[in-house]
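Coordinate inspection notes
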Amino acid sequence: MDKFFAFLRNHRIISNLLMMFVILIILFIALNVWLRSYTRHDDLTLLPSVKYLSVEEAADIFKRHNLKYEIIDSVFNDRATPGMIVEQVPAADTKVKEERTIYLTINAYSPKSAKIPTIINTSIRQAEAQLKSVGFKNIEIMLKPSPYKGLVLDVKHDGKSIAENEKIPTSSRITLIVGEGEQAAENDSVNEIDNEEFLLGIE
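Throughout what follows, the structure given in this document is the object of discussion. (Residues numbered from 1 in each chain as written. Predicted model: local features only at pLDDT ≥ 70, side-chain atom pairs only at ≥ 80, totals over all residues. Heavy atoms only, no water.)

Quick notes on the overall build of the protein chain
Within the protein chain, the regular secondary structure consists of five helices and eleven strands. The proportion of buried residues among the 203 residues of the protein chain is 25%. Within the protein chain, contacts between residues at least 6 apart in sequence are counted, and of these 70% link residues at least 24 apart. Only carbon and sulfur atoms are counted for the fraction: they give 56% of the accessible area of the protein chain, which is about 14,700 Å². (Helix = DSSP H or I, 4+ residues; strand = E, 2+ residues; numbered from the N terminus. Buried < 20%, exposed > 50% of the residue type's maximum accessible area, 1.4 Å probe, protein only. Contact = heavy atoms within 4.5 Å. Areas by Shrake-Rupley, 256 points an atom, 1.4 Å probe, with all protein chains shown as cover.)

Next up, the structure:
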């Protein structure tokens, strides 16, 4: 060992290089230990399932596991309990770090509502796009004789016309009354004339 140290004293370049190498190793080990501590690399918990629980019940569970939560969305299902959690992200049994935020979707207390956009006298494609953009998905088309083919003539819900900006549940069935075109209108007019001639002939 004395010979080794004597060799290093006589060869300054080699001793300096060796010292730098040792320092780099020590720094690498220290950095690795710090990173593992900072990121809590091994500090994982198995995410419990909170589906079908109330938010209050889930909050207690998350608190025990040192987790956070955030309600990001709601859906409406009249067959489910209002306020009940219906979805969680990440999913249950996922390994997560402590203080991780869990995103929840709950069952709404009432149906979502939206205003009917201005779609009278617009094309059927544009009307459907506008309705879907505000949340309406249950849309049906009913054709009506009219010279304006493909143009929305009326909007109905439960058989009644809906005014623009009227607010109704987004789960409602929306019926678009759409023009069938000139040919259909002409055929309808011919049928009316034939019926009148028939009645006159009877008289």
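A look at the pairing of strand 8 (residues 152-157)
Sheet topology note: the strand 8/strand 11 (residues 174-179) ladder contains four bridges and is antiparallel. Among the inter-strand pairings, V155 is bridged to a residue of strand 11, identified as L176. Bridge count between strand 8 and strand 9 (residues 160-161): two bridges; the pairing is antiparallel. In the strand pairing of strand 9, K156 is matched with S161. (Pairing = 2+ DSSP bridges.)

Description of the side chain of T122
Its place among the elements puts T122 in the loop between strand 6 (113-115) and helix 4 (124-133). The contact partners of T122, leaving out residues within four places of it in the chain, are A127, G150, L151 and V152.

Considering unusual backbone geometry
In this chain, V89 is followed by P90 through a cis amide linkage whose omega measures 0 degrees. Even without a glycine there, the phi angle at D158 is positive, about 55 degrees. Mapped onto the fold, D158 is located in the loop between strand 8 and strand 9.

Notes on the sheet that holds strand 7 (residues 139-144)
Hydrogen bonds between backbone groups are what pair the strands of a sheet, and the pairing can be parallel or antiparallel. The mixed open sheet is built from four strands, whose spatial order is 7-11-8-9. The strands lining the two open edges of the sheet, one partner per strand, are strand 7 and strand 9. In terms of strand pairing, strand 7 meets strand 11 through six bridges, oriented parallel. For L143, the partnering residue across the bridge sits in strand 11 and is V178.

Spatial relationships are all this shows, so hold off on functional conclusions.
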